[in-house]
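Chain residues, written in single-letter form:
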Amino acid sequence: MKRYGNLFEKIVGINNIVRAHTNARKGKTHYKAVKMVDSDVLGYCVKIRQMLIDKTYTTSKYHIFEIEDSGKRRSIAELPYYPDRIIQWAVMQVIEEIICKHLIPTTYAALPQKGTHAALKKMHQYMTDDPRGTRYCLKLDVKKFFPNIDKTILKSLLRRKFKDKDLLWLLDDIVDSYDKGNPKGIPIGSYTSQYFGNFYLSYFDHWTKEQKRIKYYLRYMDDIVILSDSKEYLHNLRREIFEYLAVNLNLTVKENWQVFPSTVRGIDFVGYRCFGKYTLLHTSTKKNLCIKTKKLQRKKNQGKPLTKSEQSTVGSYSGILKWCDSARLKDKTINKFLGGQNGNSKRLARAEAA
């Protein structure tokens, strides 16, 4: 397996650091730190370059806050824009392509030209091209994936791909910076974490495809779907997967794993429920859509204008519904709401088209 070196000098190149700021600032131009760097881009980027070359840089303290995601409370860790986010962008601009080349084609989370819709499309392809071979589904996900990533194992896997000592110094500092003293856990919300998470499971992906010869395999971060014509085979495979993840990655699988008939129950994956010939919106997403459109309807009835965030919500849900069989649901929610809008109707229609 090829190992890559001479990458640190590319990371600390001044043009790379300036480009990192340009990319990292998108959508954040109102940040005080972004405005500060914007006032003297070259000066601040030179300072970043020097602290990396001198190795005086260490990852800053994280700001921890909680959000509610699909009914679950999640801790999000946020780093200061300067210098940390710029540095992480500078790193990933150089090593992203190397990591992505290592990943198998059927992993989809947080990657260029991938995402939920690409994963859903591949699921449809599997189920429609080979209905018999995809009659049964093994569905599982890792228990508290990001908090349980073993830092020592992650660093050892990075050394299987990179041999640049200066780069590994910087990657080690980023990996070890979160929840210091805890041998496990990388932060949800950090730019590098989405790549580290994918990379951590990438050797498992290769094991499934190259050693176990699994034909129908999909992964969206730690959410895994395997299809087969035999439920006995999937039960046996499940035991091997449990052992591989425990021994090699120090991970455990949630207790809610299932083996079931795929087209009878449908497969819950990336926010949809796929039956092969048709797809429905996931139940929780459908409930949230109904609740939010009712709230917007009440606001409209009171003659109040929608905020930009609310207009974006309508457009976002319209985009989600395009990817499933949802004509009746859309008529009851989005279309009903849009049909009664006056002042905001054109803006909402443009949001829906986007």
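Residues numbered from 1 in each chain as written. Predicted model: local features only at pLDDT ≥ 70, side-chain atom pairs only at ≥ 80, totals over all residues. Heavy atoms only, no water.

Visitor: Quick rundown of the nonpolar core? Include the residues and the values.
Guide: Core analysis: the largest hydrophobic core is formed by 71 residues, its most contacted members being Ile95, Phe162 and Leu249. Broken down by element, the residue count for this core peaks at 11 residues, all from helix α5 (residues 81-102). Residues contacting Leu249, with those up to four places away along its chain left out, are Asp150, Ile153, Leu157, Tyr200, Leu201, Phe204 and Tyr244. (Core = buried A, V, L, I, M, F, W, Y, C linked by side-chain atoms within 4.5 Å. Buried < 20%, exposed > 50% of the residue type's maximum accessible area, 1.4 Å probe, protein only. Helix = DSSP H or I, 4+ residues; strand = E, 2+ residues; numbered from the N terminus. Contact = heavy atoms within 4.5 Å.)

Visitor: I'd like a description of the side chain of Lys299, backed by residues and values.
Guide: Relative to the elements of secondary structure, Lys299 occurs in helix α13 (residues 283-301). For Lys299, a relative accessible area of 18% translates into the label buried. At 3.4 Å, the side chain of Lys299 forms a polar contact with the backbone oxygen of Pro305. (Polar contact = N/O pair within 3.5 Å; in protein donor to acceptor, adjacent residues only side chain to side chain.)

Visitor: Can you explain the sheet that holds strand β4 (residues 216-220)? Please cite residues and give values.
Guide: Pairing is antiparallel across the open sheet formed by four strands, whose spatial order is β4-β5-β3-β6. Single-partner strands in this sheet number two, and they are β4 and β6 (258-261). Recorded for the sheet is a direction-independent mean angle of 20° between the axes of neighbouring strands. Here β4 pairs with strand β5 (residues 223-228) via five bridges, running antiparallel. Its bridge partner lying in β5, Tyr216 is registered against Leu227. Where helix α10 (residues 191-211) meets the sheet, its contacts fall on β4 and β5, and the angle it forms with β4 comes to roughly 175°. Across the sheet, helix α11 (residues 231-249) touches β3 (136-141), β5 and β6, and the angle it forms with β3 is around 20°. (Pairing = 2+ DSSP bridges. Axes fitted to C-alpha atoms, helices over the stretch in contact; angles between N-to-C directions.)

Visitor: A description of the packing of helix α8 (residues 151-161) against helix α9 (residues 165-176) should follow, citing residues and the corresponding values.
Guide: Think of two packed helices as two axes; the pair is described by the angle between the axes and how far apart they sit. Orientation of α8 relative to α9, taken along the N-to-C sense of each, is 160°, at an axis distance of 10 Å. Comparing their axes, α9 and α8 come out roughly antiparallel. Considering how the two elements wind past one another, α8 and α9 form a crossing that is right-handed. Of the residues in α9, those touching α8 at Lys151, Leu154, Lys155, Leu158 and Arg159 are Leu168, Leu171, Asp172, Val175 and Asp176. Partitioning the contact of α8 with α9 into residue classes produces five nonpolar, no polar and five charged. (Parallel < 35°, antiparallel > 145°, perpendicular 65-115°, else oblique. Left-handed = near helix turned anticlockwise from the far one by under 90°. Nonpolar A, V, L, I, M, F, W, Y, C, P; charged D, E, K, R; others polar.)

Visitor: Help me get a handle on the environment of Leu296, residues and values and all.
Guide: Turning to its location among the elements, Leu296 is positioned in helix α13. Judged by relative accessible area, Leu296 falls into the buried class, the value being 7%. Separated by 40 residues in the primary sequence, Leu296 and Lys336 place their C-alpha atoms 11 Å from one another. Look past the residues within four positions of Leu296 in its chain and what remains in contact with it is Leu306, Glu310, Val314 and Phe337.

Visitor: Tell me about the pattern of salt bridges, residues and numbers included.
Guide: Applying the stated criterion to the full structure yields 13 salt bridges. A salt bridge links Arg85 to Glu78; the shortest N-O distance between them is 3.0 Å. Note that Glu255 and Lys143 form a salt bridge whose closest N and O atoms lie 3.5 Å from each other. Of this pair, Glu255 sits in the loop between α11 and β6 while Lys143 sits in the loop between β3 and α7 (145-148), and the two are 112 residues apart along the sequence. (Salt bridge = Lys/Arg side-chain N within 4 Å of Asp/Glu carboxyl O.)

Visitor: Describe the sheet that holds strand β7 (residues 267-269), with residues and values.
Guide: With antiparallel pairing, the three strands of this open sheet are ordered in space as β7-β8-β9. Two strands bound the open sheet, and with one partner strand each, they are β7 and β9 (279-281). The average undirected angle you get between the axes of adjacent strands in this sheet is 30°. With three bridges connecting them, β7 and strand β8 (residues 272-274) associate as antiparallel partners. Opposite Ile267, over in β8, you have Cys274 as the bridge partner. Packed onto the sheet, helix α6 (residues 116-129) meets β7, β8 and β9 and runs at close to 10° relative to β8.

Visitor: Report on a positive patch on the surface, specifying residues and quantitative values.
Guide: Together, Lys292, Lys294, Lys295, Arg298 and Lys336 line one region of the surface with positive charge. In terms of residue count, the dominant contributor to the positive patch is α13 (four residues). With respect to the helices, strands and loops of the structure, Lys294 is situated in helix α13. With relative accessibility at 56%, the residue Lys294 sits in the exposed group. (Patch = residues over 30% accessible without salt bridge, like charges linked within 9 Å, V, L, I, M, F, W, Y side chains within 5 Å. Areas by Shrake-Rupley, 256 points an atom, 1.4 Å probe, with all protein chains shown as cover. Lys, Arg positive; Asp, Glu negative; His and termini not counted. Charge placed at Lys NZ, Arg CZ, Asp CG, Glu CD.)

Visitor: Pulling in residues and values, what's your account of the confidence of the model for the protein chain?
Guide: Model confidence for the protein chain is summarised by a mean pLDDT of 92, while 95% of its residues fall at 70 or above. Here residues 341-354 scores under 50 on pLDDT; set against residues more than four positions off or in separate chains, the count is 21 contacts. (pLDDT = per-residue confidence, 0-100.)

Visitor: Go over α6 with me, naming the residues and quoting the values.
Guide: Over its 14 residues, α6 extends 20 Å from the first C-alpha to the last, a length consistent with the 20 Å expected when each residue adds 1.5 Å. Along α6, the residues classified as buried are Ala119, Leu120, Met123, Tyr126 and Met127. Buried residues of α6 fall within an arc of 120° about the axis and therefore sit on the same side. Turned more than 90 degrees away from the buried face of α6, the exposed residues are Lys121 and Asp129. The elements touched by buried residues of α6 are β4, β5, α12 (262-265), β7, β8 and β9. (Expected span 1.5 Å × (residues − 1). Arc of directions from axis to C-beta.)

Visitor: Describe the pairing of β3, with residues and values.
Guide: By the criterion of burial, β3 is predominantly enclosed, with six of the six residues buried. The alternating pattern of β3 places Tyr136, Leu138 and Leu140 and Cys137, Lys139 and Asp141 on opposite faces, both of which are buried. In this structure, β3 lies alongside β5, joined through six bridges in antiparallel fashion. Within β5, the position partnered with Lys139 by the bridge is Val225.

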